[in-house]
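# Report on the structure
Read off the chains here:
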Amino acid sequence: MQNKTPVGILGATGIVGQRFVQMLEHHPWFEVAWLAASDRSEGRPYGEAARWRMKTALPSRVAEMRVSPAQPQGAPRVIFAALDAAIAAELEPRFAEAGCAVVSNSSALRMQSDVPLVVPEVNADHVKLLECQSWRRKSHGFVVTNPNCSAIGLVMALAPLQQLFGIETVMAVTMQAVSGAGYPGVASLDILGNVIPYIAKEEEKMEEETLKLLGQLNGSKVVPAAFGMSAHCNRVAVEDGHTESVSVRLKKKPQSDEIIRAWNEFRSVPQELKLPSAPPQPVRYLPTADRPQPRFDVDAGDGMTATVGRLRPCSVLDWKFTVLSHNTIRGAAGAALLNAELLKVQGYLE
Ligand SMILES: NC(=O)c1ccc[n+]([C@@H]2O[C@H](COP(=O)([O-])OP(=O)(O)OC[C@H]3O[C@@H](n4cnc5c(N)ncnc54)[C@H](OP(=O)(O)O)[C@@H]3O)[C@@H](O)[C@H]2O)c1
């Protein structure tokens with residue numbers, strides 16, 4: 001453990017919790033020191049409690065660790081949280097109150113006005129909202145969140161366009177992977193050979209989170225971006241990777257090569273700071289007519305790069321395109337890791 005920051009995972013046995021275990025195995029700054037889940041798992045060796053669904057082997061050191069009760073007593077200061085929203089709403093404040101730095105995946109606190117909702121490439125400055133959190137003033141603890149797994153791919157594609165051209169209107173239709181529903185998730189009889197045109201609360205999350213992420217920090221609050229935004233969310237029979245068909249109207253009227261350049265040349269704080277989980281190229285454009293596809297493109301940049309393709313004129317708005325991002329890496333565990341790396345560089349994890 002020398003020199004590495006010990007971290008805990010709350011909800012460690014779920015799909016996102018497992019992704020944390022996998023991504024932390026060789027992390028240069030953080031090391032798993034504590035795992036917690038529900039009463040069902042408490043006290044059992046992690047290797048027994050978790051039904052391991054990752055494609056790499058479960059690290060033997062972690063497999064032997066006992067799952068702790070989901071309480072702050074005995075937990076390390078830095079906690080990656082991967083709990084269902086209802087449980088997170090109760091537990092995350094309790095950990096923050098006890099002085100923990102909670103880096104959360106859940107929607108429970110994302111829209112709370114003093115809780116930063118952060119994608120480091122898009123709005124790293126929003127971390128300053130932490131100074132307004134009462135937990136931080138009282139116990140030094142805090143909560144930082146990353147967005148919903150479908151909002152993040154969209155926002156990564158929109159951020160370079162917002163910066164250079166300004167956005168007026170966005171329409172997005174998602175095709176979301178089954179792993180987005182956790183484990184065991186959607187029953188196979190419901191999803192095989194089928195499309196489910198409803199994911200509870202997903203459209204609302206995409207719309208409000210996108211506007212918060214692309215909004216401006218103004219003192220102690222975020223003023224949401226002012227453009228019109230509409231999302232349709234669908235579950236499809238794909239294992240990993242959320243694909244989105246997007247139409248945009250922009251304030252300036254760029255040519256297609258200017259838009260493609262905006263995506264390919266987009267670099268931001270994580271790349272400048274060389275954060276360990278930062279992809280060298282956060283957004284890439286593929287010119288091939290039938291890409292991106294989850295099967296071939298979901299792992300771009302070790303799952304941290306959003307892949308865009310099919311840019312073409314839209315006869316209703318200005319332009320339309322397809323974006324793909326990895327829902328449990330860029331949309332969950334990888335997003336939280338990148339947030340924690342940013343917080344560490346800024347001294348918030350001391
Ligand atoms: N999957 C994705 O692509 C994705 C992407 C972005 C965000 N998220 C969000 O991340 C969170 C976790 O999602 P997931 O897909 O990993 O869900 P999941 O597979 O259902 O895992 C849920 C985890 O929470 C634990 N848990 C349940 N009840 C608990 C309790 N009362 N106290 C403590 N722990 C409890 C479970 O432990 P047991 O195994 O012991 O029951 C398990 O570890 C959710 O808020 C989800 O919306 C998911």
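For the structure itself, look to the data block above.
Before going into details, it helps to say that this report is about the structure given with it. Throughout this description, residue numbers start from 1 for each chain and increase along the sequence as written. Side-chain atom pairs in this predicted model are given and counted only at pLDDT of 80 or more, local residue features only at pLDDT of at least 70, and totals for whole chains, interfaces and linings cover all residues. Water and hydrogen atoms were dropped before computing side-chain values, which therefore reflect all heavy atoms in the structure.

### A look at the overall build of the protein chain
Defined as follows: In this description a helix means any DSSP run of H or I spanning at least four residues, a strand means any run of E spanning at least two, and both kinds are numbered starting from the N terminus. The size measure is the radius of gyration over C-alpha atoms, and the globule rule it meets is 2.2 Å times the number of residues to the 0.38 power. Classification of residues uses two cut-offs on accessible area relative to the type maximum, computed with a 1.4 Å probe and protein chains only: under 20% is buried, over 50% is exposed, and between them is partly exposed. Contact between two residues is taken to exist if any of their heavy atoms lie within 4.5 Å; hydrogens are not considered. Shrake-Rupley sampling with a 1.4 Å probe provides the accessible areas, and residues are treated as covered by the protein chains on show and by no other component.
Scanning the protein chain for helices and strands turns up 13 helices and 15 strands. Its C-alpha radius of gyration of 19 Å places the protein chain within 12% of the 20 Å reference for a compact globule of 350 residues. With the C-alpha coordinates aligned to their principal axes, the bounding extent of the protein chain is approximately 60 × 50 × 35 Å. Within the protein chain, buried positions represent 57% of all 350 residues. Put simply, of all contacts in the protein chain between residues at least 6 apart along the chain, 74% involve residues at least 24 apart. Carbon and sulfur atoms form 50% of the exposed surface of the protein chain, whose accessible area is close to 14,800 Å².

### Structural notes on the side chain of Thr 328
What counts, and what does not: Under the rule applied, a polar contact is a pair of N or O atoms within 3.5 Å (in protein, one hydrogen donor and one hydrogen acceptor; residues adjacent in sequence only if both atoms are side-chain atoms).
Note on placement: Thr 328 falls in the loop between β15 (319-325) and α13 (329-345). At 2.9 Å, the side chain of Thr 328 forms a polar contact with the side chain of Arg 19. Ignoring anything within four residues of it in the chain, the contact list for Thr 328 reads Ile 15, Arg 19, Ser 179, Asp 240, Ala 333 and Gly 334.

### Regarding the packing of helix α7 (residues 149-165) against helix α9 (residues 202-213)
Quick reminder of the rule: Fitting a line to C-alpha atoms yields each axis, with helices limited to the stretch in contact; the angle taken between N-to-C directions then spans 0 to 180 degrees. For any helix crossing, the convention is left-handed if the near helix is rotated counterclockwise from the far helix by under a right angle, and right-handed if that rotation is clockwise. Gly counts as polar in this scheme, as do all residues outside two lists: the nonpolar Ala, Val, Leu, Ile, Met, Phe, Trp, Tyr, Cys and Pro, and the charged Asp, Glu, Lys and Arg.
In the contact formed by α7 and α9, the axes pass within 9 Å of each other and the chain directions differ by 40 degrees. The two elements α7 and α9 cross, and the hand of that crossing is right-handed. In this structure, α7 uses Cys 149, Ser 150, Ala 151, Leu 154, Val 155 and Leu 158 to contact α9, whose residues at the interface are Glu 202, Met 206, Glu 209, Thr 210 and Leu 213. Of the residues assigned to the contact of α7 with α9, the class counts are seven nonpolar, two polar and two charged.

### A closer look at the environment of Leu 129
Mapped onto the fold, Leu 129 is located in the loop between α5 (120-123) and α6 (134-139). Not counting residues up to four positions away in its chain, the partners in contact with Leu 129 are Ser 113, Asp 114, Val 115, Pro 116, Leu 217, Ser 220, Lys 221 and Val 222.

### Quick look at the layout of surface pockets
What counts, and what does not: Both cavities and pockets are sets of points on a 1 Å grid over the protein atoms alone; in a cavity a 1.4 Å probe fits but cannot get out, in a pocket the set is open with protein on both sides within 12 Å along at least five of seven lines, and lining residues sit with an atom within 4 Å of a point. Grid points are joined across faces, edges and corners, and a volume is the space filled by probe spheres set on the points.
Roughly 1,100 Å³ of volume is contained in the second largest pocket. Contributing elements (two or more residues each) for the lining of the second largest pocket: α1 (15-24), α8 (188-191), α12 (294-297) and α13. The leading source of residues in the lining of the second largest pocket is α1, at four residues. Residues of the lining of the second largest pocket, tallied by class, amount to 20 nonpolar, 13 polar and nine charged.

### Looking at the pattern of salt bridges
Side-chain pairing between opposite charges can occur once the charged atoms of the two side chains come close. Put simply, the rule reads: When a carboxyl oxygen of Asp or Glu lies within 4 Å of a side-chain nitrogen of Lys or Arg, that pair is called a salt bridge.
With the rule as written, the count across this model stands at 11 salt bridges. The residue Asp 240 makes a salt bridge to Arg 19 at a minimum N-O spacing of 3.9 Å. Residue Asp 240 is found in the loop between β11 (235-236) and β12 (242-250), and its partner Arg 19 is found in helix α1; the two are separated by 221 residues along the sequence. The exposure class of Asp 240 is buried, given its relative accessible area of 15%. Residue class for Arg 19 comes out buried when judged on its relative accessible area of 9%. The partner of Glu 31 in a salt bridge is Arg 61, and the shortest N-O contact between them spans 3.9 Å. Here Arg 61 lies in helix α3 (residues 60-63) and Glu 31 lies in strand β2 (residues 30-36), a separation of 30 residues in the sequence. When its relative accessible area of 18% is taken as the criterion, Glu 31 is described as buried. Here the salt bridges do not stand alone but share partners, grouping Arg 284, Arg 291 and Asp 297 into one network.

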